[in-house]
Each structure stands twice: as structure tokens, then as C-alpha cells.
Amino acid sequence: MLFSDIEGSTARWKMYPDAMPVHLRKHDELMRAAIERNRGAVFKTVGDEFCAVFAGTGDALAAAADAQRALSAEDWSAVGGLRVRMAVHCGLVSERDGDYFGTTVNRVARLLSAGHGGQVLVSAQAAGAIAHEPGGGASLVDLGRHRLKDFPELESVYQLAAPQLPGVFPPLRTVAERPTNLPQHLPSLIGREADLRDVAARLTQSRLISLIGAGGVGKTVLALQIGTRCLPQFEDGAWLVELAPVDADAVVPALAAAFGITVSGGAVLDALTEHLKSKNLLLIVDNCEHVSGAAMHAIDTILKRCGAVRVLATSREPLCAQGEFVYRLPVLAVPWQSVLKADEVRTFGACKLFEERARAHLAGFEITDDNAPLVASICRRLDGIALAIELAAPRLRMMTLAQLSERLTERFRLLTGGSRNALPHHQTMRALIDWSYQLLCENERVLLRRSALFPGGWTIGAAVEICTDDSLEEWDILDHLTSLVDKSLIVADQTGNEQRYHLLESTREYALERLAESGERDIVSLKQAQYFLHLAERADAAWQDVPAKAWIAPLQDELDNFRAALSWCATQQHAPLLGLRLFDALEAFWWDAQAVEGRRWLEHFKSLAESAPAAQTARYWLTAAGTALSTAQEKTALRAAEKALAAYRFIQDQAGIAAAQRCRGAALIRLGKLDDGETAIRCALDHFRAHKHHRLTALALRTLAAARLLHGDVETAAQVYREALPLSQALEDERGAQIISGNLAEIEALSENYEQALAHGREALEIARSRRDWVMVCTLLINITAYLLALERFSEARLAAREALSIAVELGSELHLAVAIQHLAAVAAHCGDPERSARLIGYVDAAYARLENSREPTEAREYERTIAQLGERLPAFTLAAERSAGAILSADQAQCEALLT
């Protein structure tokens, strides 16, 4: 391999912005010509850097010599001169998509960074790979043994000497030439490449940088790597001082001891600054959080008296020193998607670190497509904390990935056994967090404990309402919250319209334990449930008029907190009614955004609802009806709607009666009882229009249009949809617009305009996917499959139907499952598998009978076509026998059969 770059190119671009592009093109032409003339190939260019590969070392050396001669013959005075440094190395590499990876590539890059403009450096491996001295008067000059950045071992480095090439250069920019006490063997730095570049660059501008972050996030390793990388920039080296073992009085003596200064009495700081005032060095001060005041005073004094000293400090909170630049180090990147391939997972720093550390303890371990989702989940649950990953990976010697994932519920027992050489508070996760907790004042500990009750994060308003009491006032909350963010125990989320805060999961689990020990958990949990009840009730009151996104976004932000409040209420003898009120207040949220979860909560509160006050009972059954409709459980929805209707009539609540009639009408229409359903919908619609309930009006209009469509009255259906659309648009109701687009697709399909139907359907599907509305995604995939079948695009239809099938299984929707299987039966009939098609049709017929449902027009026409095809391809006896066999299949058996199409 031959790498090259232009020395000082950044400065030249600043000084000669107009001339550099022209001269860079000339440089590129000369480099490429020399490489290709010597049988090389350029595989990558980055800015002015060339990366080329050769079959033989001799060719690479010849190309380097040719390139240097050609470059030196050009006039570069318009850009203040141009000198190119080069490096040649050989070894084993990994190739992917035309690029190369591995230690060999890293080593040649580090070798290049050690050189000077006009110089060609050659590694010991490359020198040993040629059988004799290069020809043409060229030779290799031994420059001695050096340590390259990021490589702990010393190695021989050579320089290519040849006619017309300069021969004298300054000393190499290698690590070995600077004095230092930094460790020779550093842990590999994974997932922090951008942080390394940013902080190293910042050191050229700031004399004091504080690396701030949660315990175990990797501050020390990053600081040491920065010191190693920047060592050549400091004539007097880079020096590490570890403060973790010392108290405040021992800070200055520890700093002095790093430089061999031993002075008795109170003059230690004076002696230290006298020693450093003429030095050009980098001082790395590690673990300052427990002695931050003393550390700040010492560092501030050093910087004021010693003009060429720069300081890199690590701490869990800022030093608050003059001129300090705070670099907050986040946790390692983790994937939030649930389905990822191995190559995608490896792009996240946390997963890449997990793989490397796991491989060190379990030979042959690697992330594969099969285990990638589990690795992603583990790293996510470990919060991307480097130490947590370091402690978890060795457990793979004794358990599988799945077992490791399960045991993370006991993380403080699991995440132990750190290196014996590590600081005591870095040997277990509990000790790591306990170290920070013990440094807090009492009110900070109280706020941290109470914050653990917010699994979904929180706002300042929530903290003030829930965490305050006689000992912790509102202004205390603001001050202590800021302090806990500074101490890296609470994370401030900068995204969104409102500032939010959250705890990393390990910190939250620790804080929950402390909250339980304090005896105040139930008191704070009650305040939390009351707060989120009021939040839900305010949202419920605003549902009619607030644009959809603005209404639903705050509720989505608090979903985990609603869950926590509901769970607590469900387990407390004195709080179930509070939980039922919270559940009812979230009625529209359940069926509009979280129908599957809403269905699960229904069971929690069912027995309570039946004995609750009439108004709450009515609201419960109305929520049950809406949620069942959202998950295509029409019979359940009808029963719940009729119970809600009876309860609202008993208490003479006209608004409730109209809402129940809407749900009842929708269920009746879906069950094929069109006239009764339309009558109920029209009754509800009259009330909604009279009271200007625009959102409910739009909902009722959509249902009415669907009924007209089922009646075959396409024109009226289209007219009603056109009336509903502006109402949905005015409320920025994406879901409503998506439903209308989906039904307009059905109208086009009824007119056999399948291409237009497909376009409308895919438009609606895109909205549904963006909203993660899986019920609608499933419905739209089923419709799109029907359009594709009508267009005889069977391969696309099979893929869409299979995706719909998998989502239907996840949703537990037997109707969606049946329709998806019917589509796959149609694919089987078209693609030469009539027996399987007939069995699947038999299952679908039985499913429709059980559900007391009827096929929509598009599915009905497809069904008739499939039956006709099967009648042509199978004897009547065989067709009847296969349909009978399919009728007794279980849902799981039918699903497996369908996936074989």
C-alpha cells in the first residue's frame, strides 16, 4: 500500500482558496499517473490524500519515487509551495466494496502521519518484502525504531533515498520522541473516532478542556488516546495525573509527584508552577469530580503562570474554571431500530465495542444477521455505557446472548468482575454509580431518587409538581436539576419543543432501589399518578380542536410514564379508581395511537369498571369499543358499544350517546349490517354537526362513506370522503387523511383503475408507516396486495401479503390474518399450486363464518376469480376435500401453509 497527502494543505486552502483547486487537480493527475504507470490502483481519495494498492512492494516504491520527482518538477509557487509526504507498507487486509480495512490500513496511515513533505517512509514489513535494494540508484535508509500513534510496540522505520529526492528531514513525528508517563498499552478506542478528532482539534484553541460524562462512559480512555495522538505537538510531552485515590488536600502533591517534585511545606504549588512555566506540555488530570474545587484552583493557577501548558481534565461535572471548554461525552451510539442486519449493527459504537470485547472472551464470536437484533437490544439496555459493555461481554463465557439479555434485569449482580487493575469504583456498575451518589448533597439525592419514577423522562413542570415537598421547594428543584445534569447523573434532552430530562437505565435502577429504601415511593407514586391523570384529562378536553400532531405528540412523549402510573394504580388497594380514570381519559389516545396496548389495559380495569360510577363505566365501554374497532375486533366492539350506549342513556349524556352510536354503527357496518349501521352513524353525525365536533364529524363521515361503498354507491361514497377530507386536513389529522386516501384507492379499484388504486394505496401506506400505525399498515398492505393481484404482478403481491400476514399475527387480528391468507391463496392458484390454494380458501371461509363478517368488494371479486380458477384446475371432489381440510386448520397451521406459497 502507498498512502500520500499534502503537508499543510489546510493552511494553503485558507491562504490560496482560488489557486488551490487548479493545483490540486494537477497534483492528482501526477499522483494517479505515477501509480498507474507502476501497476498500482487508486482505491480511495480523501481530500488531498491518495490511497493506492500494488501487487508488489517494489512497484509501490517506484511509484513513490516517480511521483516525488514529478511533483518536484512543477511550479507550485502560486500556493506557497507544495510538498507531499508518502508512506509504503504491506500486509493482510480485508476488502469490501472496493475498499480495504484492517490493521494494515491503520498502520500505513499512522506511518504517513509521522513523515514530512517530500519524504517517503517505508515500514519494516515493506522493507523486508523486497528481495534486494530498489534499482535506479534508490536505497532504503534506516531511521531507527519508533512508536507510531495507536501502536504500542517500537518498530523500525526506513526512508526511501533516490536521485532527485531530498534526503534530509526533521525528526519523525512519532510518539517515542516526546517524554511522557502515558501508558504504553492503551485499550482500543471504539465508537469515539469523531470525539477523538474534535477534542484533539479543540486543544489547539483551548488551554483547558474538561471531558464531562456519566461514570463508565469512557472519559479516561479517550483522554489517554488524545494524549497519545497529540504528543508530537508538545515538546515537553504529555503527562497523566490520576486523582481518584486522593482527597482534596493531596491534589497539588499528586500533580507535583508526576514531575518528580518533592517539596515539603506549603510551597508545593509554587515549585510545580516554577517547574512548568517554561514547559510546552499537555497535562491530563483524570477523575476530578470528588475534588473539583481543589483541582480547579490548582489547574487555574498552573494555566495563569505557565503559558505553554494545556490541560485536559476528566470529571463527571465541570470544574467551573476560567477559560474552561466543556466537552460533554455522550454514551456510545446504540441502535433504536428493532430489526437490523449485522453490518448495520456494527456501525454503532456500542455494538462494535461489544463484539470486540465478546470476541476477547469467546473465540469466534461475531455479530451475525441472526443475533444482531439481540446484540442491539443488549447494548441499548446497557445505555451504550462502555464500562457496562466491558463488564457484560465476559459473561458470554458462561451464558448465551439470550441468557445475558434475560439476566440484565439483575444488572447490578451481573455487571461485576471488572479488571483488578481498575479503580475500585470502576469494578462493578453498582460501585460506579454509588461513587457519584455519595458525592451528592442530601437534596440532590432526594431529587435523583424521585426522578427514577419517570421511565419516559420528564419536564421541569413534572419534576416541580411531583418531586417537591416541604423539604424540597420549587426553586430547589431547578437548582438541583441543573447540578445533577452538570454531574452527568441526569441527561438533558435538547430535541423537541420542550426541554426534557431522563436517567440512563442503570442509574434509574440504582435510584429506584434508593427510593424504596427511603420509604417514600408510594407517596411520590401517588403524586405521579395524579399529575399524569390531570395531563391526560387536559389532552382529552382538547382532543376535538387541537391539530392531531400537536395533540398526540405530548402523549407519546409520556407513554412510558402513563404505563408506570397505570401499573402502580393497578397494584394498589387505594388507587384502582384513579387508574381507571387515567385509562378512560386516554380513550382517544388508545384507539388512535396505541390500540393493541389499550386492549391489554382494558383487561386490567374490567372488573373495576363494572362496579364503578355510571359515568366511568360508560366511558370504559366506549374506550373498549373504540379500541376493538382499531384492532378489527368488530363483534367485541359492537358488544362494548351497546354497553356504553345503555350506560350513557341511563345518565342521559347526549354527547356520550352520540359517541357510542358512532362506534356501534361502525361495528355494524363492518359486520355487514349496513342499514342498521348507517342509521346509527347518521344519528351520531347529526349531534356532532350540531355541536361543531369537527373531529368526530370527520370520523363519522368516513364510516358513512365506507358503508356507501359497501352498498355499491361509489358516487355518494366519493362525495362523503370529499366532505371529510378538509375536516381532517384542518385538524392536521394524518391518520384521517391516510384512511381517506386508502378508501379512495378502494373506489378506484371498484372502477378497475388498479394503477391509480395502487398509487393512492401506497401514498396512504407511507403515512401509516411514518406514524407506526401497524393496524393501518396491515390493512393497506392487504388492499395493495389485491390491486397487485388484479394487475397480475404476483411476485410483488406475494411479498406484500406475507408482510401483512406477519403484522396480523403480531396484532392478533384474525380478520386481517384471514384476508392476507386469501390473497396468498390467490397467488398459489395463479402460480400452479391449486391444492394448497383450495386448503387456504377453506380456512378463510371458516374464519369469515366464525367472525360473522363478509368480504369487502375487492376481496369478494378476487375470491370469485380464485374459486373459478380452482374449479377449472381441480376435480370437484378434490376441491371440496381440500377446502374441508383447510376449514379445520388452526390459525398457526394456516399461517405456515400460506407462507409456503
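Residues numbered from 1 in each chain as written. Predicted model: local features only at pLDDT ≥ 70, side-chain atom pairs only at ≥ 80, totals over all residues. Heavy atoms only, no water.

J.: Teacher, can you tell me more about the nonpolar core here?
T.: One broad trend across soluble globular proteins is that nonpolar side chains are buried collectively. If you look at the biggest cluster of nonpolar residues, it comprises 108 residues, and the most contacted ones within it are Leu-448, Trp-458 and Ile-490. Broken down by element, the residue count for this core peaks at nine residues, all from helix H30 (residues 654-670). Among the nonpolar cores identified, the runner-up in size contains 55 residues, and Ala-749, Leu-781, Ile-784 and Ile-821 belong to it. (Core = buried A, V, L, I, M, F, W, Y, C linked by side-chain atoms within 4.5 Å. Buried < 20%, exposed > 50% of the residue type's maximum accessible area, 1.4 Å probe, protein only. Helix = DSSP H or I, 4+ residues; strand = E, 2+ residues; numbered from the N terminus.)

J.: How should I be thinking about the sheet that holds strand S10 (residues 208-212) in this particular structure?
T.: Sheet strands pair via backbone hydrogen bonds, and the direction of the pair is either parallel or antiparallel. Reading across the sheet, the five strands line up as S11-S12-S13-S10-S14 and stay open at both edges, with parallel pairing between neighbours. Every interior strand has two partners, whereas the edge strands, strand S11 (238-242) and strand S14 (324-328), have only one. Direction aside, neighbouring strands of the sheet carry axes that sit 20° apart on average. Against the sheet, helix H7 (residues 219-230) contacts S10, S11, strand S12 (281-286) and strand S13 (309-315), and its axis sits at roughly 160° relative to S13. Lying over the sheet, helix H10 (residues 292-305) contacts S10, S12 and S13, oriented at roughly 165° with respect to S13. (Pairing = 2+ DSSP bridges. Axes fitted to C-alpha atoms, helices over the stretch in contact; angles between N-to-C directions. Contact = heavy atoms within 4.5 Å.)

J.: Just to check I follow, could you spell out helix H18 (residues 442-451) for this structure?
T.: Each turn of an α-helix holds 3.6 residues, which means side chains three or four residues apart point in the same direction. Of all the 10 residues making up H18, eight are buried; the element is thus mostly covered by neighbouring parts of the structure. The complete set of buried residues in H18 reads Glu-444, Arg-445, Val-446, Leu-447, Leu-448, Arg-449, Arg-450 and Ser-451.

J.: Is there a simple way to explain helix H42 (residues 891-899) in this structure?
T.: For H42, the set of buried residues is Ala-894, Gln-895, Glu-897 and Ala-898. Down the axis of H42, the smallest arc covering the buried residues is 165°, so these residues share one side. The inward-facing, buried residues of H42 abut helix H37 (794-811), helix H38 (814-830) and helix H39 (834-851). (Arc of directions from axis to C-beta.)

J.: Where do I start with the packing of H18 against helix H20 (residues 474-486) in this structure?
T.: It is at 10 Å that the axes of H18 and H20 come closest, and there the two elements cross at 85°. What the angle tells us is that H18 and H20 run roughly perpendicular. Where H18 abuts H20, its residues Asn-443, Glu-444, Leu-447 and Leu-448 lie against Ile-477, His-480, Leu-481, Ser-483 and Leu-484. Looking at the contact of H18 with H20, its residues break down into five nonpolar, three polar and one charged. (Parallel < 35°, antiparallel > 145°, perpendicular 65-115°, else oblique. Nonpolar A, V, L, I, M, F, W, Y, C, P; charged D, E, K, R; others polar.)

J.: When you look at the pattern of salt bridges in this model, what are you seeing that I'm missing?
T.: In a structure, side chains of opposite charge can pair up when their charged atoms sit close to one another. Enumeration according to the criterion identifies 52 salt bridges in this entry. With its nearest N and O atoms 3.1 Å apart, the salt bridge here joins Lys-277 to Glu-274. For Glu-274, a relative accessible area of 47% gives the class partly exposed. Two residues, Asp-343 and Arg-346, come together in a salt bridge whose shortest N-O distance is 3.2 Å. Asp-343 sits in the exposed class, given a relative accessible area of 52%. Residue class for Arg-346 comes out partly exposed when judged on its relative accessible area of 24%. Several salt bridges converge on common partners, so that one network encompasses Glu-442, Arg-449, Arg-450, Asp-469 and Glu-520. (Salt bridge = Lys/Arg side-chain N within 4 Å of Asp/Glu carboxyl O.)

J.: Mind showing me how you'd approach the confidence of the model for the protein chain here?
T.: As a note on interpretation, predicted positions should not be read in detail where pLDDT is low. Per-residue pLDDT for the protein chain averages 87, and the proportion of residues at 70 or more is 95%. Looking at the elements of the protein chain, mean pLDDT is at its lowest for helix H16 (residues 411-414), recorded as 60, and at its highest for strand S4 (residues 84-88), recorded as 96. In the model, residues 418-427 has pLDDT below 50 throughout and makes 21 contacts with residues more than four positions away in sequence or in other chains. (pLDDT = per-residue confidence, 0-100.)

J.: Would you explain the sheet that holds strand S8 (residues 139-146) in this entry?
T.: The sheet built from seven strands is open, its strands ordered S2-S3-S1-S4-S7-S9-S8 with mixed pairing. Of all strands in the sheet, those bounded by a partner on one side alone are strand S2 (40-46) and S8. When the angles between neighbouring strand axes are averaged without regard to direction, this sheet yields 25°. Where strand S1 (residues 2-6) and strand S3 (residues 49-54) come together, three bridges link them in antiparallel fashion. Note on S3: the bridge partner recorded for Ser-4 is Phe-50. In the packing of helix H2 (residues 20-37) onto the sheet, contacts are made with S1, S2, S3 and S4, and the angle to S3 comes to roughly 10°.

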